[in-house]
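Working through the structure, step by step
Read off the chains here:
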Amino acid sequence: DAGLALDRYWDLDALVKAAFGTSLDKHSPEEVTELKQLLRDHIQRHNGSPRNMWVLRNSKFEDFRVRERSGMPKSAMITYSLVIAKTERVLMTLIVREDGETWRIIDGGVMGKMMVAQMRSEYRNKAKGMTPLEYVQAMIKAVDARSNETAILPK
């Protein structure tokens, strides 16, 4: 279940705080919870899409590299190549942070485009006209429209 994996391996609190910072103060705790739930459901639909499941079944993971960063809490950048159907190599990146006994993902990206930086940059340009929650709602609607995969899982 992609949603259970998200809950276990992703730290959406850290991701949302890094993306929106003090702009989250515009929201009640319930609205921040709604924002995180929207992101969780969106990532789950994306990871569970038939297209992405096909890609993963027909791919190999190679060239893993880990670069640990100093400081507390401990964090690391993991890069690897996703080799799709033996023909296409895609650079994947995860930023992870130690959380007690485990490591949790606080950001991820494809071909150098990191999720947090992209959301932060896009929101910064729209911050005067919308809240972080409104931005996330609009972003998900736009991505779903481009991918035509809104019906993968119920919202």
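The model shown is predicted, which means the values in this text are computed figures rather than measured ones.

Some words on helix α6 (residues 132-147)
- Relative to the 22 Å expected for 16 residues at 1.5 Å per residue, α6 spans 22 Å between its end C-alpha atoms, a close match to the ideal helical length.
- Looking only at α6, the buried set comprises Pro132, Leu133, Tyr135, Val136, Met139, Ile140 and Asp144. Along the axis of α6, the buried residues cluster in a sector spanning 160°; they form a single face. Exposed and facing more than 90 degrees away from the buried side of α6 are Lys141, Ala145 and Arg146.

Points about the packing of aromatic side chains
- Counted by the stated rule, this structure contains 5 aromatic pairs.
- On the basis of an interplanar angle of 65° and a centroid distance of 5.9 Å, the ring pair of Tyr123 and Tyr135 is categorised as edge-to-face. Of this pair, Tyr123 sits in helix α5 (residues 115-126) while Tyr135 sits in helix α6; the two residues are 12 residues apart in sequence, bridging distant segments of the chain.
- For Tyr123, a relative accessible area of 3% corresponds to the buried category.
- We classify Tyr135 as buried; its relative accessible area is 2%.
- Through a chain of ring-to-ring contacts, the aromatic side chains of Phe20, Tyr123 and Tyr135 assemble into a single cluster.

Brief notes about the pairing of strand β1 (residues 59-69)
- Where β1 meets strand β2 (residues 75-84), 9 bridges bridge the pair, whose relative direction is antiparallel. Its bridge partner lying in β2, Val66 is registered against Ile78.
- Here β1 folds back onto β2 in antiparallel fashion, the turn holding 5 residues, of which Gly71 has a positive phi close to 110°.

Comments concerning unusual backbone geometry
- Put simply, Met72 and Pro73 share a cis peptide bond, and its omega is -5°.
- Residue placement: Pro73 occurs in the loop between β1 and β2.
- For Asp63, which is not glycine, the phi dihedral falls at a positive 60°.
- As for its placement among the helices and strands, Asp63 is situated in strand β1.
- On the basis of relative accessibility, which here comes to 39%, the residue Asp63 falls in the partly exposed class.
- Not every positive phi belongs to a glycine, and Ala85 is a case in point at roughly 50°.
- Structurally, Ala85 can be placed in the loop between β2 and β3 (88-99).
- In this structure Ala85 comes out as partly exposed when scored by relative accessible area, which is 36%.

Reading the values: the criteria
- By convention here, each chain's residues receive numbers from 1 onward along its written sequence.
- Side-chain atom pairs in this predicted model are given and counted only at pLDDT of 80 or more, local residue features only at pLDDT of at least 70, and totals for whole chains, interfaces and linings cover all residues.
- As a rule here, side-chain values cover all heavy atoms of the structure and leave hydrogens and water aside.
- To qualify as a helix, a DSSP run of H or I must reach at least 4 residues; to qualify as a strand, a run of E must reach at least 2; elements of each kind are numbered from the N terminus.
- By this rule the span expected of a helix is its residue count minus one, scaled by 1.5 Å.
- Only protein chains enter the accessibility calculation, which uses a 1.4 Å probe; a residue is then buried when its area is under 20% of its type maximum, exposed when over 50%, and partly exposed in between.
- As used here, the arc is the angular range of directions from the helix axis to the C-beta atoms.
- A pair of aromatic rings is counted whenever rings of Phe, Tyr or Trp (Trp by its six-membered ring) have centres within 6.5 Å, and the orientation is called stacked for planes under 30 degrees apart, edge-to-face for over 60 and tilted otherwise.
- Here, strands pair whenever DSSP counts at least two bridges between them.

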